[in-house]
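# Descriptive structure summary
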Amino acid sequence: MDKVWDVIIVGAGPAGMCTAIQTAKHGLSTLVVDRQTEPGGQIFRSAGSSSMIGKLGKDYAAGLPLVKQFLNCGAQFEPGANVWDIAPDRVYYSQQGHSHFVRARQVVLATGAMERPVPLPGWTLPGVMGSGASDVLLKSAGLLPEGPVVLCGNGPLVLQAAVHMHEFNVPVSAVLLTGRMGNIMHAMKHASGILARPGYFLHGVNMAAKTMLHQKCVLGAHDVSISESEKGLQVHYATRSGKHRKLDASTVLLHEGVIPETRITRLARLRHAWDQKQRYWHVDADKWGQTSAPGLRTAGDIATVRGAAAAQAEGSLVGLDICRELGQLSLADRDREALPFLRIIKRCQALQPFLDEYFAPTPAMLQPHPDAIVCRCEELTAGHLGEVIREGSYSPNGVKAQARPGMGTCQGRICGQAVAEMIADAHGLSMENLPQYTAQPPLFPLRLGELVEMPSPSELM
Amino acid sequence: MFKQVSESTGKTVTIYFEGKPVQVEEGTTVAAAVLDPSHGWTRTSHGGQQRGPYCQMGVCHECLMNIDGVPNQQACLTVVAEGMQVRRQNGVPDFHQEDKNHG
Ligand SMILES: Cc1cc2nc3c(=O)[nH]c(=O)nc-3n(C[C@H](O)[C@H](O)[C@H](O)COP(=O)(O)OP(=O)(O)OC[C@H]3O[C@@H](n4cnc5c(N)ncnc54)[C@H](O)[C@@H]3O)c2cc1C
Ligand code: FES
């Protein structure tokens, strides 16, 4: 137990796996922990065991060789290990009801992103879930909704879901696309970026074309809400010309893009930056993953959401630089080995401004309807929180103290950004200057007994 | 509500949702296993609203259930095991009860 690992990596998604592959290859003792029971992260969820591996296209199939390489790379993998506190040289996690404490010379947070929670009336009803959540069920359990489905949102994952529904004969009432029509004009300013990744771009165009061809698509849908009906659920929306429409559904899938899940990095008090285009906070780290805290690095979506190819390349660079820092690689060797990964990142970076503009979130979507429950845990509506904010709350922590959003079991992961967007809008503040909810350990509710049973760090030193 | 589009591996386990047996594929999470038997409703909020798993990735905590007598378990992060007893969690989680059941 008093072993000090060279490297501990939190998260076995594409980024974390690639970091581990590099550090283990260069002889560093490497521990990887992930709360999921299998490596893969979000895009490669269950790729090592899924019977869907050959059925969901090339993007997903690419996960199988990577997962195999990771499991054979020499790093120790601890599945089902949920990290609840972190410092530059140590990690605390809970696994099967018991907590553990591990130490390392370098810690890497490759903890990924989440779907942007965008509250709307009725989004708490059973039968409504994230489109990414449905993707998880498909990859890990081979499950798809029976339908009829209403898909609603903005981003490449909406198109991917629409294509999957078509391929597996799931009836879809409609795909409500909430992106702004004007986004394409802004995106075209960055059209030269397409040349950097033509294959990736065409794959996206292909998904969009299939969606348009096979599904009833509503462009510029807004004022979306969901209610219960005799048949299950009913989705209400307004068209671009302002007409109000209704659709029946048994499952409603929502998706408004992907944002870094920064609770763990805020807990570590790392410096964050605000991305104005995609509207999210992310860790401010250099290309080697070095954050504002020496010894603590980040890799993948937690730093910037750029998809699986970039996450893998970033993870590899972080691994290589750790090898340099811990004396396994000379500077020259690190730079030589880094070259192919730097090239991949350059290509991803070139296309990213186009994608960020094209799938930019719609500002009106980010200001929830007064009836929408913003804090799902404490059941607080936008109407109520809006009053508290207008009465004179200027920060998420202030609103939290007065009205309790963020005090429930999810600890503000779901309402944090929505509350901040409401404050920024109500008081004309810029998001950049708004402090987020303060994160405290443990990162999720723990049994008291579990804490008591754990050997205290001082006993281990 | 949900349908299986993958072929069965033939390896199943039996779990109990609210006391009723449910046969599910080995390796499935509890959240996936009870989607249909629960009609998507796996807990009630403290105000009595029906809720179900939203994110399937350990973030939203909407999937908190009572598993083998222990409340507050994230069903989307828990894999099924033979004979597992799974129940809806109603209202505010009771942390004392949790420690008693565990200890
Ligand atoms: C629900 C969802 C579905 C997605 N589907 C796709 C897709 O189909 N195609 C696509 O191109 N992109 C998809 N994305 C985008 C995707 O995030 C990236 O493409 C890629 O997976 C990012 O890799 P990563 O390694 O940075 O993070 P991730 O793949 O997210 O991996 C992070 C890992 O860290 C673990 N973790 C997080 N916090 C903790 C903790 N406290 N303790 C222990 N472990 C922890 C997680 O369990 C996870 O396995 C999806 C994103 C989401 C949120
Ligand atoms: S479904 Fe969101 S935490 Fe389990």
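What you see is a predicted model; the values in this text were computed from it and never measured. (Residues numbered from 1 in each chain as written. Chains lettered and ligands numbered in written order. Predicted model: local features only at pLDDT ≥ 70, side-chain atom pairs only at ≥ 80, totals over all residues. Heavy atoms only, no water.)

## Comments concerning the overall build of chain B
Rules: Numbering of helices and strands runs from the N terminus, with a helix taken as a DSSP run of H or I at least four residues long and a strand as a DSSP run of E at least two residues long. Throughout, exposure labels follow a simple rule: accessible area from a 1.4 Å probe, protein chains only, divided by the maximum for the residue type, with under 20% read as buried, over 50% as exposed, and the rest as partly exposed. Contacts: residue pairs with any heavy atoms within 4.5 Å of one another. Only the protein chains shown count as cover for residues, with accessible areas throughout obtained via the Shrake-Rupley method and a probe of 1.4 Å.
When helices and strands are tallied, chain B shows two helices and nine strands. For chain B, the residues scored as buried account for 53% of the 103 residues in total. Sequence-distant contacts, at least 24 apart, represent 44% of the contacts inside chain B between residues at least 6 apart. Carbon and sulfur atoms form 49% of the exposed surface of chain B, whose accessible area is close to 4,500 Å².

## Thoughts on the site of ligand 1
For the record, the criterion: The rule for a residue being near a molecule or strand is that one of its heavy atoms must lie within 4 Å of it. Whenever a nitrogen or oxygen atom comes within 3.5 Å of another N or O atom, the pair is scored as a polar contact, on the condition that within protein one atom can donate a hydrogen and the other can accept it, and that pairs from neighbouring residues in sequence are kept only if both atoms are in side chains.
Around ligand 1, 33 residues are found, and the nearest of them are Asp 34, Gln 42, Val 83, Gln 160 and Asp 301 of chain A. Among the chains of the assembly, those with residues near ligand 1 are chains A and B. A distance of 3.4 Å separates an oxygen atom of ligand 1 from a polar backbone atom of Ile 43 of chain A. Note that an oxygen atom of ligand 1 is positioned 2.4 Å from one of the side-chain N or O atoms of Asp 301 of chain A. For ligand 1, the protein covers 95% of the area, taking 970 Å² as the surface of the free molecule.

## Focus: the domain arrangement of chain A
How big an interface is tends to be stated in terms of the accessible area lost upon association of its parts. All names here are of chain A. To keep things clear, this is the line we draw: Each domain's extent was defined by an automatic or database domain assignment. The term buried area denotes the loss of accessible surface (1.4 Å probe radius) that occurs when two parts are joined, taken as the sum for both partners. Whenever a carboxyl oxygen of Asp or Glu lies within 4 Å of a side-chain nitrogen of Lys or Arg, that contact is scored as a salt bridge. Gly is placed with the polar residues, together with every amino acid not listed as nonpolar (Ala, Val, Leu, Ile, Met, Phe, Trp, Tyr, Cys and Pro) or charged (Asp, Glu, Lys and Arg).
Taken as a whole, chain A is organised into domain 1 (4-114 + 259-329), domain 2 (117-256) and domain 3 (367-433). Summarising the inter-unit geometry, the C-alpha centres of domain 1 and domain 3 are found 30 Å apart. The interface of domain 1 with domain 3 comprises eight residues on the first partner and eight residues on the second. Here domain 1 packs against domain 3, burying approximately 840 Å² in sum over the two surfaces, 52% of which is carbon and sulfur. When the area that domain 1 buries against domain 3 is broken down by residue, the three leading residues are Arg 263, Trp 274 and Trp 281, summing to 58%. Across the contact surface, domain 1 and domain 3 share two salt bridges. Arg 413 is the salt-bridge partner of Glu 261, the closest N and O atoms lying 3.3 Å from each other. Its residues placed into classes, the side of domain 1 that touches domain 3 shows five nonpolar, no polar and three charged.

## Some words on the packing of aromatic side chains
Applied cut-off: In this analysis, rings of Phe, Tyr and Trp, with Trp reduced to its six-membered ring, are considered paired at centre separations within 6.5 Å, and the interplanar angle assigns stacked below 30 degrees, edge-to-face beyond 60, and tilted for intermediate values. Charges are assigned to positions over rings by a cutoff of 6 Å between ring centre and Lys NZ or Arg CZ, combined with an angular limit of 35 degrees from the ring normal.
According to the stated counting rule, one finds eight aromatic pairs over all chains in the structure shown. Ring geometry for Phe 70 of chain A versus Phe 77 of chain A: centroids 5.5 Å apart, planes at 75°, classification edge-to-face. Per residue, the accessibility class of Phe 70 of chain A equals that of Phe 77 of chain A, and both read buried. Ring-pair connections join several aromatic residues into one group, and the members of that group are Phe 201, Phe 354, Tyr 358 and Phe 359 of chain A. The lysine or arginine in question, Arg 88 of chain B, covers the ring of Trp 41 of chain B, its NZ or CZ lying 3.6 Å from the ring centre.

## Describing the packing of helix 1 (residues 14-25) of chain A against helix 3 (residues 63-71) of chain A
Residues and elements named next belong to chain A. Let me state the cut-off plainly: Think of each axis as a best-fit line through the C-alpha atoms, taken over the contacting stretch in the case of a helix, with angles from 0 to 180 degrees between the N-to-C directions. Small angles under 35 degrees read as roughly parallel and large ones over 145 as roughly antiparallel, with 65 to 115 read as roughly perpendicular and the rest as oblique. Crossing handedness is defined as follows: a turn of the near helix away from the far one that is anticlockwise and smaller than a right angle gives a left-handed crossing, while the clockwise case is right-handed.
Where helix 1 contacts helix 3, the two axes come as close as 9 Å, and the packing angle between them is 40°. In terms of orientation, helix 1 and helix 3 fall into the oblique class. Considering only the axes of helix 1 and helix 3, their crossing is left-handed. Across from Pro 14, Met 17, Cys 18, Ala 20 and Ile 21 in helix 1, the residues of helix 3 making contact are Leu 66, Val 67, Gln 69 and Phe 70. Split by residue class, the contact of helix 1 with helix 3 holds eight nonpolar, one polar and no charged.

## Some points on the side chain of Asn 82 of chain A
Among the secondary structure elements, Asn 82 of chain A is positioned in strand 4 (residues 81-87). A polar side-chain atom of Asn 82 of chain A sits 3.0 Å from a polar atom in the side chain of Arg 35 of chain A. Other than its neighbours up to four places away in sequence, Asn 82 of chain A contacts Arg 35, Tyr 92, Tyr 93, Ser 94 and Phe 444 of chain A together with Gln 74 and Leu 77 of chain B.

## Topic: the confidence of the model for chain B
To keep it simple, the criterion reads: Each residue gets a pLDDT score, which is the predictor's confidence in that residue and runs from 0 to 100.
Of all residues in chain B, 88% have pLDDT values of 70 or greater, and the mean over the chain is 90. Scored as a complex, the prediction yields pTM 0.96 and ipTM 0.95.

## Examining the nonpolar core
Across soluble globular proteins, nonpolar side chains have a tendency to be buried as a group. Our working definition: For our purposes a nonpolar core is just a set of buried Ala, Val, Leu, Ile, Met, Phe, Trp, Tyr and Cys residues, chained together by side-chain atoms within 4.5 Å.
Judged by nonpolar contacts, the single largest core of 120 residues is most densely connected at Phe 70, Val 128 and Leu 176 of chain A. When residues no more than four places from it in sequence are discounted, the contact partners of Val 128 of chain A are Gly 122, Trp 123, Ile 226, Leu 233, Val 252 and Leu 254 of chain A together with Pro 53 and Tyr 54 of chain B. Residues Ile 8, Val 10, Val 91 and Ala 268 of chain A belong to the second largest nonpolar core, which totals 30 residues.

## Here we look at the pairing of strand 3 (residues 20-25) of chain B
Residue and element names in this part refer to chain B. To keep things clear, this is the line we draw: For two strands to count as paired, DSSP must find a minimum of two bridges between them.
In this sheet, strand 3 lies alongside strand 2 (residues 12-17) in antiparallel orientation, the contact comprising six bridges. Paired with Val 13 across the bridge in strand 3 is Val 24. Count of turn residues in the strand 2/strand 3 antiparallel hairpin: two residues, of which Glu 18 carries a positive phi of about 50°.

## Here we look at the sheet that holds strand 15 (residues 244-249) of chain A
Residues and elements named next belong to chain A. Read from one edge of the open sheet, three strands run 13-14-15, paired in antiparallel fashion. Taken across any chain shown, the strands that pair with only one partner, and hence form the sheet edges, are strand 13 (222-229) and strand 15. Going from strand to strand, the sheet's axes swing by 20° on average, the running direction of each strand aside. In this sheet, strand 15 lies alongside strand 14 (residues 232-238) in antiparallel orientation, the contact comprising six bridges.

## Points about the pattern of salt bridges
Residue and element names in this part refer to chain B. Counted by the stated rule, this structure contains 24 salt bridges over all chains. With a closest N to O distance of 2.6 Å, Glu 62 and Arg 43 form a salt bridge. In this pair, Glu 62 is assigned in the loop between strand 5 (50-51) and strand 6 (64-67) and Arg 43 in strand 4 (residues 43-44), connecting sequence segments 19 residues apart. Neither Glu 62 nor Arg 43 differs from the other in exposure class; each is buried.

## Notes on the interface of chain A and chain B
At the interface, 50 residues of chain A touch 38 residues of chain B. Counting the surface lost from both chain A and chain B, the interface buries some 3,900 Å², and carbon and sulfur atoms represent 57% of this. Where chain A meets chain B, there are two salt bridges. For the side of chain A that touches chain B, the secondary structure elements donating two or more residues are strand 7 (113-115), strand 8 (128-130), helix 4 (131-141), strand 9 (143-145), strand 16 (251-255) and helix 14 (448-453) of chain A. With five residues, the single largest contributor to the side of chain A that touches chain B is helix 4 of chain A. Taken together, the residues of the side of chain A that touches chain B break down into 25 nonpolar, 15 polar and 10 charged. Both strand 9 of chain A and strand 1 (residues 2-4) of chain B contribute to a ladder of three bridges, which runs antiparallel. Looking across to strand 1 of chain B, one finds that Leu 143 of chain A is bridged to Gln 4 of chain B.

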